[in-house]
Amino acid sequence: MAFRLFASHLRRAVRSQFACHFRQNIGLVAPVTSRGISQQAEFDLSPFRYHLLDEVFPKTSVATRDEMLSYYRDMVTIRRMEDDSFALYRDKLIRGFLHLYNGQEACCVGMEASIRPDDEVITAYRAHGWTYTRGVPVKEIMAELTGRTGGCAKGKGGSMHMYAQNFYGGNGIVGAQVPLGAGIAFAIQYRGEDRICVALYGDGAANQGQVFEAFNMAKLWNLPVLFVVENNNFGMGTSAERASAVTAYYTRGDYIPGFQVNGMDVLAVKEATKWAADYCRSGKGPLLMELDTYRYYGHSMSDPGTRSVFSYLVGHTFCVVSHCLCFVKLSWKRRCPNCKETTRSYSIMQGSHP
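What you see is a predicted model, and the numbers here were worked out from it, not measured in a lab. (Residues numbered from 1 in each chain as written. Predicted model: local features only at pLDDT ≥ 70, side-chain atom pairs only at ≥ 80, totals over all residues. Heavy atoms only, no water.)

## A closer look at the overall build of the chain
- Counting its secondary structure elements, the chain contains 10 helices and 13 strands.
- Here the chain holds 354 residues, and 53% of them are scored as buried.
- Taking the contacts inside the chain whose residues are at least 6 apart along the sequence as the reference set, 67% of them involve residues at least 24 apart.
- With an accessible surface of roughly 16,300 Å², the chain has 53% of that area assigned to carbon and sulfur atoms. (Helix = DSSP H or I, 4+ residues; strand = E, 2+ residues; numbered from the N terminus. Buried < 20%, exposed > 50% of the residue type's maximum accessible area, 1.4 Å probe, protein only. Contact = heavy atoms within 4.5 Å. Areas by Shrake-Rupley, 256 points an atom, 1.4 Å probe, with all protein chains shown as cover.)

## A few points about the environment of Gly183
- Among the structural elements, Gly183 can be located in helix H6 (residues 177-191).
- For the pair Gly183 and Cys197, spaced 14 residues apart in sequence, the C-alpha separation works out to 9.3 Å.

## Looking at helix H3 (residues 105-112)
- The buried fraction of H3 amounts to eight of the eight residues, a majority that puts the element mostly inside the structure.
- For H3, the set of buried residues is Glu105, Ala106, Cys107, Cys108, Val109, Gly110, Met111 and Glu112.
- Those residues of H3 that are buried are in contact with helix H2 (65-90), helix H4 (128-133), strand S5 (197-202), strand S6 (225-231), helix H9 (266-281) and strand S10 (287-292).

## A few points about the pattern of salt bridges
- For the structure shown, the criterion picks out seven salt bridges.
- With a shortest N-O distance of 2.6 Å, Arg79 and Glu105 are connected by a salt bridge. Of this pair, Arg79 sits in helix H2 while Glu105 is found in helix H3, placing the two residues 26 residues apart along the sequence.
- When its relative accessible area of 28% is taken as the criterion, Arg79 is described as partly exposed.
- Under the relative-accessibility criterion, Glu105 is labelled buried at 4%.
- One network of salt bridges, in which partners are shared, links Glu120, Glu193 and Arg195. (Salt bridge = Lys/Arg side-chain N within 4 Å of Asp/Glu carboxyl O.)

## As for the packing of H3 against H9
- Viewed as axis vectors pointing N to C, H3 and H9 meet at an angle of 40°, and their least axial separation amounts to 8 Å. The orientation of H3 relative to H9 falls into the category oblique. The handedness of the crossing between H3 and H9 comes out as right-handed. Between H3, through Ala106, Cys107, Val109, Gly110 and Met111, and H9, the contact on the second element is made entirely by Val266, Val269, Lys270 and Thr273.
- Each residue belonging to the contact of H3 with H9 can be placed in one class, and the counts come to six nonpolar, two polar and one charged. (Axes fitted to C-alpha atoms, helices over the stretch in contact; angles between N-to-C directions. Parallel < 35°, antiparallel > 145°, perpendicular 65-115°, else oblique. Left-handed = near helix turned anticlockwise from the far one by under 90°. Nonpolar A, V, L, I, M, F, W, Y, C, P; charged D, E, K, R; others polar.)

## Overview of the environment of Asp44
- Mapped onto the fold, Asp44 is located in strand S1 (residues 40-44).
- Owing to a relative accessible area of 30%, Asp44 belongs among the partly exposed residues under this scheme.
- C-alpha of Asp44 to C-alpha of Pro58: the two residues are 14 residues apart in sequence and 9.2 Å apart in space.

## Points about the sheet that holds S10
- One open sheet accounts for six strands, arranged S2-S9-S10-S6-S5-S4; its pairing is mixed. Strands with a single pairing partner mark the edges of an open sheet, and in this sheet they are strand S2 (49-51) and strand S4 (120-122). For this sheet, the mean inter-axis angle between neighbouring strands, taken without regard to orientation, is 20°.
- The pairing of S6 with S10 spans six bridges and is classified as parallel. Residue pairing in the sheet places Val229 in a bridge with Glu290 of S10.
- Running over the sheet, H9 touches S6, strand S9 (258-262) and S10 and is turned about 160° from S9. (Pairing = 2+ DSSP bridges.)

## Looking at the pairing of strand S3 (residues 60-64)
- Where burial is concerned, the two faces of S3 differ: the one with Ser61 and Ala63 is buried and the one with Thr60, Val62 and Thr64 is not.
- Here S1 pairs with S3 via five bridges, running antiparallel. Each bridged residue has a counterpart across the sheet, and for Gln40 the counterpart in S3 is Thr64.

## Some details on unusual backbone geometry
- If you check the backbone angles, Asn222 has positive phi at about 50° while not being a glycine.
- When its relative accessible area of 31% is taken as the criterion, Asn222 is described as partly exposed.
- Located in the positive-phi region is Asp254, a residue other than glycine, with phi close to 60°.
- Given the relative accessible area of 52%, Asp254 is considered exposed.

## Observations regarding the nonpolar core
- Of all hydrophobic cores here, the largest spans 55 residues; its most connected members are Met111, Trp130, Phe259, Val261 and Met289.
- In terms of residue count, H9 provides more of this core than any other element does, nine residues in total.
- Core analysis: the next-biggest nonpolar cluster, separate from the first, contains 23 residues, Ile122, Ala182, Ala185 and Val211 among them. (Core = buried A, V, L, I, M, F, W, Y, C linked by side-chain atoms within 4.5 Å.)

## Re a nonpolar patch on the surface
- Together, Phe186, Tyr190, Met217, Leu220 and Trp221 make up an exposed nonpolar region whose accessible area comes to about 590 Å².
- Of all the secondary structure elements, the ones that give two or more residues to the nonpolar patch are H6 and helix H7 (209-220).
- Topologically, Phe186 is positioned in helix H6.
- You can call Phe186 partly exposed: its relative accessible area is 36%. (Patch = residues over 30% accessible without salt bridge, like charges linked within 9 Å, V, L, I, M, F, W, Y side chains within 5 Å.)

## Some details on H6
- For H6, with 15 residues, the first-to-last C-alpha span of 21 Å sits near the 21 Å given by 1.5 Å per residue.
- Among all positions in H6, only Gln177, Val178, Gly181, Ala182, Ile184, Ala185 and Ile188 are buried. Buried residues of H6, seen end-on, are gathered within an arc of 160° and therefore sit on one face of the element. Facing away from the buried side of H6 by more than 90 degrees, the exposed set consists of Tyr190 and Arg191.
- Phi turns positive, to about 70°, at Gly192, one or two residues after H6. (Expected span 1.5 Å × (residues − 1). Arc of directions from axis to C-beta.)

In short, shape yes, function no, at least from these values alone.
The structure is reproduced here in structure tokens:
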């Protein structure tokens, strides 16, 4: 029964979200099958912003039907896993800290599609999505969350400390994983290996001094590291505008080239990561990527978001952009900067859910 419901969900997604691509975006680029359904299409990407870089990313991306279904399946799996974790925490079957990844699924899925399985990844404590894309089954993740020995860390790590092959897991100290990521990249360079390290952190950690120290060492030695700030616009319950003098985090590397990507557009994330991984792998040094994303829960289960996050949405206008699989904040504008659509926009009212 559960399988039939999941298959039905996927079929509806193809008819709605993805089929909208085939109708509205650039034309099909592959022969049409006998049933009239293309197996490949080209999609417009969300715009990028650059720092110390020319315009290097394509404006379109080609993806097959199987690839799109795979991305969607992974993102839905992560979303359902996080929703179930929320329920288990509420029933006191998960104890301690719990930081959910709802809303940010396109970040890990898009990046994982463009890096190699043997590339190293290290992230902060919002790590469930990355643990799944690095190859850990949902069963082991849920076992770890509930403190069982079948978990990926034998039940001893919990929500914040999950590990896997080439995945150095979640780290509980804010920003501590950034210099650790630089150290992993140094080890890769020292051994002469053709790999990179992806070091992720949040906008709340972007003001940490150790982050800038890691930037300096990485650029000094041209380490093969891709620094990624998952900017979900809130550090705990404080908006980025109230906590950071400069919210263009992709420029924070100063002497390190950077760029900003719509972190809610899985294809834009994939294309940007593909170019960035090749850049770092070629020996040109580090890069700084900002993923402009959003989380649908609060910072953790101690802050479920009933006041800090969702109240921020009240009165803001959103546009449903199908190829982003998400909602794009318009900052009070009437026309979406990505799809130029006005008829799909609407306002979030008090008490509603995005």
